[in-house]
Amino acid sequence: NAGVTQTPKFQVLKTGQSMTLQCAQDMNHEYMSWYRQDPGMGLRLIHYSVGAGITDQGEVPNGYNVSRSTTEDFPLRLLSAAPSQTSVYFCASSTTGWHEQFFGPGTRLTVL
Amino acid sequence: AQSVAQPEDQVNVAEGNPLTVKCTYSVSGNPYLFWYVQYPNRGLQFLLKYITGDNLVKGSYGFEAEFNKSQTSFHLKKPSALVSDSALYFCAVRDDLNTGFQKLVFGTGTRLLVSP
């Protein structure tokens with residue numbers, strides 16, 4: 001199986017543009033989440049989902065939307081990109097909170 | 001709120017020498033601790049976790065971690081470093097949100113450089 005996949009790998013946006021970062025997993029995991037990684041700050045939780053149809057906000061949700069219509073997919077939408085959203089974005093999934101999270105390869109986003 | 005601290009931005013070690021990457025934690029209740037590794041241009045990979053039981057936890061790639069409750073530490077160790085161990089290492093602690101979701105709170109990361 002492919003594990004957690006993310007597309008695109010790289011993206012450059014202009015301020016004000018919108019886009020969707022795709023995330024999919026083929027492990028039938030209920031828990032999925034989005035993190036952003038910024039230098040010197042570790043990873044911070046943006047949004048998460050505990051199952052299809054259930055999402056909630058993490059630490060830094062402003063400017064991002066998510067939905068979870070299927071177990072496999074968890075897209076992250078940037079509504080109106082800002083330079084402060086320049087970051088590396090990771091999607092992760094796990095069976096439950098007791099188990100390790102599996103991370104995708106990341107999307108490197110630059111907003112000009 | 002739960003938190004972890006990684007006091008060293010970078011650790012340098014010669015190949016074949018033992019390595020230690022430090023992590024301290026601050027939690028209310030029982031700590032559930034993790035180590036992840038990130039190789040260049042890759043996602044994070046799980047190394048090991050401590051939930052309960054033996055204070056010495058063995059993980060992937062020959063790594064182990066020692067849980068010390070009195071010192072609130074969870075240091076990552078390996079007896080003999082390899083050049084291929086060079087990567088960014090993250091300590092993390094589980095934080096239970098009131099929604100039932102268990103998120104990970106990550107440290108800022110420690111870059112390990114192993115020289116030949």
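Residues numbered from 1 in each chain as written. Chains lettered and ligands numbered in written order. Predicted model: local features only at pLDDT ≥ 70, side-chain atom pairs only at ≥ 80, totals over all residues. Heavy atoms only, no water.

Student: Outline the overall build of chain B, listing residues and values.
Tutor: Helix and strand content of chain B: 0 helices and 12 strands. The order of α-helices and β-strands along chain B, N terminus first, is β-β-β-β-β-β-β-β-β-β-β-β. A compact globule built from 116 residues would reach a C-alpha radius of gyration of about 13 Å, and chain B, at 14 Å, matches this within 12%. Expressed as lengths along the three principal axes of its C-alpha atoms, the size of chain B is roughly 45 × 30 × 25 Å. (Helix = DSSP H or I, 4+ residues; strand = E, 2+ residues; numbered from the N terminus. Rg over C-alpha atoms; globule rule 2.2 N^0.38 Å.)

Student: If you had to explain the state of the cysteines to someone new, which residues and values would you point to?
Tutor: For the coordinates displayed, the defined rule picks out 2 disulfides over all chains. Shown here is the disulfide that connects Cys23 of chain A with Cys91 of chain A, its sulfur atoms set 1.8 Å apart. Its S-S torsion of about -70° marks the bond between Cys23 of chain A and Cys91 of chain A as left-handed, since a negative value means left-handed. You can see Cys23 of chain A sitting in strand E3 (residues 19-25) and its partner Cys91 of chain A sitting in strand E9 (residues 87-94), a full 68 residues away along the chain. Neither Cys23 of chain A nor Cys91 of chain A differs from the other in exposure class; each is buried. Here Cys23 of chain B engages in a disulfide with Cys91 of chain B; their sulfurs sit 2.0 Å apart. Between Cys23 of chain B and Cys91 of chain B, the S-S dihedral sits near -60°, and the bridge is therefore left-handed. (Disulfide = S-S within 2.5 Å. Buried < 20%, exposed > 50% of the residue type's maximum accessible area, 1.4 Å probe, protein only.)

Student: Break down the nonpolar core for me, citing the residues and quoting the values.
Tutor: Core analysis: the biggest nonpolar cluster contains 28 residues, and Trp35, Leu47, Leu48, Phe74, Leu76 and Tyr89 of chain B have the highest contact counts within it. Of all elements in the fold, only strand E2 (10-14), strand E3 (19-21), strand E5 (33-38), strand E6 (44-50), strand E8 (64-68), strand E9 (73-78), strand E10 (87-96) and strand E12 (110-115) of chain B reach the threshold of two or more residues within this core. Here the element with the most residues in this core is E10 of chain B; it accounts for 4 residues. Grouped together as the second largest cluster of nonpolar side chains are 19 residues, Val88 and Phe103 of chain A together with Phe34 and Leu104 of chain B included. (Core = buried A, V, L, I, M, F, W, Y, C linked by side-chain atoms within 4.5 Å.)

Student: Pulling in residues and values, what's your account of the pattern of salt bridges?
Tutor: Residue and element names in this part refer to chain A. Within the structure shown, the criterion is met by 7 salt bridges over all chains. One salt bridge in this structure joins Arg44 and Asp38, with 2.8 Å as the shortest N-O distance. Asp38 matches Arg44 in its accessibility class, with the two residues each being buried. In the salt-bridge network here, residues are joined through shared partners; they are Arg36, Asp38 and Arg44. (Salt bridge = Lys/Arg side-chain N within 4 Å of Asp/Glu carboxyl O.)

Student: Please set out the interface of chain A and chain B residue by residue, giving values where relevant.
Tutor: If you look at the interface, chain A gives 26 residues, while chain B gives 23 residues. Surface buried jointly by chain A and chain B totals about 1,900 Å² across both partners, of which 58% is contributed by carbon and sulfur atoms. There are 2 salt bridges connecting chain A and chain B. Where Lys49 of chain B meets Glu100 of chain A, a salt bridge forms, and the shortest distance between an N and an O atom there is 3.7 Å. Seen at the junction of chain A and chain B, the total is 2 residue pairs in polar contact (both at pLDDT 80 or more). Contributing elements (two or more residues each) for the side of chain A that touches chain B: strand E4 (31-37) and strand E5 (43-51) of chain A. (Contact = heavy atoms within 4.5 Å. Buried area = accessible area lost by both parts, 1.4 Å probe. Polar contact = N/O pair within 3.5 Å; in protein donor to acceptor, adjacent residues only side chain to side chain.)

Student: I'd like a rundown of the packing of aromatic side chains, residues and numbers included.
Tutor: Scanning all chains against the criterion turns up 13 aromatic pairs over all chains. Between the aromatic rings of Tyr36 of chain B and Phe46 of chain B, the centroid separation amounts to 5.9 Å while the plane-to-plane angle is 70°, which identifies the pairing as edge-to-face. Of the two residues, Tyr36 of chain B sits in strand E5 while Phe46 of chain B sits in strand E6, which places them 10 residues apart along the sequence. Taking 6.4 Å as the distance between ring centres and 55° as the angle between the ring planes, the aromatic pair formed by Tyr50 of chain B and Phe74 of chain B counts as tilted. Linking Tyr50 of chain B in strand E6 with Phe74 of chain B in strand E9, this pair joins segments that are 24 residues apart in sequence. Classification of Tyr50 of chain B as buried rests on a relative accessible area of 8%. Exposure remark for Phe74 of chain B: the relative accessible area of 0% places this residue in the buried category. In this structure, Arg68 of chain A is placed above the aromatic ring of Phe74 of chain A, and the distance from its NZ or CZ to the ring centre is 6.0 Å. (Phe/Tyr/Trp six-rings, centres within 6.5 Å; stacked < 30°, edge-to-face > 60°. Lys NZ or Arg CZ within 6 Å of the ring centre and 35° of its normal.)

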